[in-house]
Amino acid sequence: MHAWLCDNPIGPDALRWTELPTPEPKPHEVRVAIRAASLNFPDLLIVQNKYQMKPALPFVPGSEFSGVVEAVGTEVRHLVPGMAVASFGGLGGFATQVCVDAKLVMPLPDVGGKGFAFDDAAAFICTYATTHHALLDRAQLQAGETVLVLGAAGGVGTAAIQIAKAAGARVIAAASSEAKCELCKTLGADATIDYGGPGSVRERMDRLRQDIKVATDGTGPDVVYDPVGADFAEPVFRSIAWRGRYLVIGFAAGAIPSLPLNLALLKGASIVGVFWGDFARREPARNAKALGELAGWYAAGKIKPVIDARTPMRELPQAFERMAGRGVRGKLVLHND
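## Quick word on the overall build of the protein chain
Alright, step 1. Scanning the protein chain for helices and strands turns up eleven helices and 15 strands.
Alright, step 2. For 337 residues, the compact-globule formula gives about 20 Å, and the C-alpha radius of gyration of the protein chain, at 20 Å, lands near that figure.
Alright, step 3. By its C-alpha atoms, the protein chain is 60 × 40 × 35 Å across when sized along the principal axes.
Alright, step 4. For the protein chain, the computed accessible surface area is about 15,000 Å², with 53% contributed by carbon and sulfur atoms.
Alright, step 5. For the protein chain, the distance from the average site of its 35 positive side-chain charges to the average site of its 34 negative ones is 4 Å.

## Considering the packing of aromatic side chains
Aromatic rings in a pair are described by how distant their centres are and how their planes are angled relative to each other.
Alright, step 1. Using the criterion set out here, one finds nine aromatic pairs in the structure.
Alright, step 2. Geometrically, the ring pair formed by W4 and W17 is tilted, given 5.4 Å between the ring centres and 50° between the ring planes. Placement of W4 in strand β1 (residues 2-5) and of W17 in strand β2 (residues 16-19) is noted, with a sequence separation of 13 residues between them.
Alright, step 3. Note on F116 and Y298: the rings are 4.0 Å apart at their centroids and 5° apart in plane angle, and the pair reads as stacked. With F116 in the loop between β7 (105-107) and α2 (118-122) and Y298 in helix α10 (residues 284-299), this residue pair connects regions lying 182 residues apart in the sequence.
Alright, step 4. By relative accessible area, which is 5% here, F116 ends up buried.

## Details of the sheet that holds strand β13 (residues 270-273)
Alright, step 1. Spatial strand order, β10-β9-β8-β11-β12-β13: six strands in an open sheet with parallel pairing. Each edge of the sheet is formed by a strand with only one pairing partner; in this case those strands are β10 (191-194) and β13. Across the sheet, the mean angle separating the axes of adjacent strands is 20° when strand polarity is ignored.
Alright, step 2. Where strand β11 (residues 223-226) and strand β12 (residues 245-248) come together, four bridges link them in parallel fashion. Residue Y225 lies in a different strand from β12, and its bridge partner there is L247.
Alright, step 3. Its contacts with the sheet place helix α3 (residues 125-138) against β8 (146-149), β11, β12 and β13, and it is angled at close to 160° to β11.
Alright, step 4. Running at roughly 165° to β10, helix α5 (residues 178-186) makes contact with β9 (170-175) and β10 of the sheet.

## Description of the pairing of strand β3 (residues 29-38)
Alright, step 1. With nine of ten residues buried, β3 lies mostly within the body of the structure.
Alright, step 2. Where β3 meets strand β6 (residues 97-101), five bridges bridge the pair, whose relative direction is antiparallel. Along β6, the bridge assignment pairs R31 with C99.
Alright, step 3. In this sheet, strand β4 (residues 64-72) lies alongside β3 in antiparallel orientation, the contact comprising eight bridges. Across the sheet, residue A37 finds its bridge partner in β4, namely F65.

## Considering the packing of α3 against α10
Alright, step 1. At a closest axis distance of 10 Å, the pairing of α3 and α10 adopts a crossing angle of 110°. In terms of orientation, α3 lies roughly perpendicular with respect to α10. On the side of α3, the interface is formed by I125, Y128, A129, H132, L136 and D137, while α10 contributes R286, A290, L291, E293, L294 and W297.
Alright, step 2. Among the residues making up the contact of α3 with α10, the classes are represented as eight nonpolar, one polar and three charged.

So, how was this worked out
- Residues numbered from 1 in each chain as written.
- Predicted model: local features only at pLDDT ≥ 70, side-chain atom pairs only at ≥ 80, totals over all residues.
- Heavy atoms only, no water.
- Helix = DSSP H or I, 4+ residues; strand = E, 2+ residues; numbered from the N terminus.
- Rg over C-alpha atoms; globule rule 2.2 N^0.38 Å.
- Areas by Shrake-Rupley, 256 points an atom, 1.4 Å probe, with all protein chains shown as cover.
- Lys, Arg positive; Asp, Glu negative; His and termini not counted.
- Charge placed at Lys NZ, Arg CZ, Asp CG, Glu CD.
- Phe/Tyr/Trp six-rings, centres within 6.5 Å; stacked < 30°, edge-to-face > 60°.
- Buried < 20%, exposed > 50% of the residue type's maximum accessible area, 1.4 Å probe, protein only.
- Pairing = 2+ DSSP bridges.
- Axes fitted to C-alpha atoms, helices over the stretch in contact; angles between N-to-C directions.
- Contact = heavy atoms within 4.5 Å.
- Parallel < 35°, antiparallel > 145°, perpendicular 65-115°, else oblique.
- Nonpolar A, V, L, I, M, F, W, Y, C, P; charged D, E, K, R; others polar.

Geometric values such as these leave the question of function open.
Pasting the structure below:
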């Protein structure tokens, strides 16, 4: 097998495409021949030694992938060789093959008489499961409520638009360019806000607050979905509706913001943390139910991953460079053809 090996976590340039012995699965594992893998922002952080999880060196990055089961461990009963699967395994996805705990593997359902596309499957679990948990579980989103999605043209942002619409909500999509806002409209956003453009940070944040006020007729959004953080957090939280729920998804802009807690008091609002990975580990039955609902929505055409580009696995460093430049719309997918 071949894999991108990280033995010096100083960034993507230090990764090496390396030939390794093909592993045999342990009793509770399966070996998957990887057809496609997608990039998530934590994949970049982990090879920069900036992520909260710091694996032992050397390691193979790549948290999310799809493929075909090649071999199963002696204790595995629900998976068999030849089965099409997807997994969010945390590591190992940027390779030709990987052994992964069978509990982290989802058999791909039949979709209208057709297979679940490998590209879509590789870009599905992390973004859509995170967003389903965030909006429907943590925020208890109700039909008719208004959701403001920051970073709306990215992987989790595009998932948030689709899931919020599937739940009957009104969606305001905020992104950093007119082109990204146009993409959000094609996904069903009811209104868009372009928070890019000229001016100082203060000027752009003041414009953002005014745009939110206009888009919500002065009442503010019921739910804020924020994977961006940094300078956006406080002005957006100041704009939230009474009893609003502010979902902390991540910090793609880099800085972890600080919020004056008196704002939560004055707004009767909640700051709600979203950690899907631990939710899946602690509450596997509820997570499985959510994944089942998402698979049904995919089959019905209500949700579908937005694929920005499809790139050969051997071109991972270039894909990381594109991700770091923040020009990606939806997800980048690597393939082994």
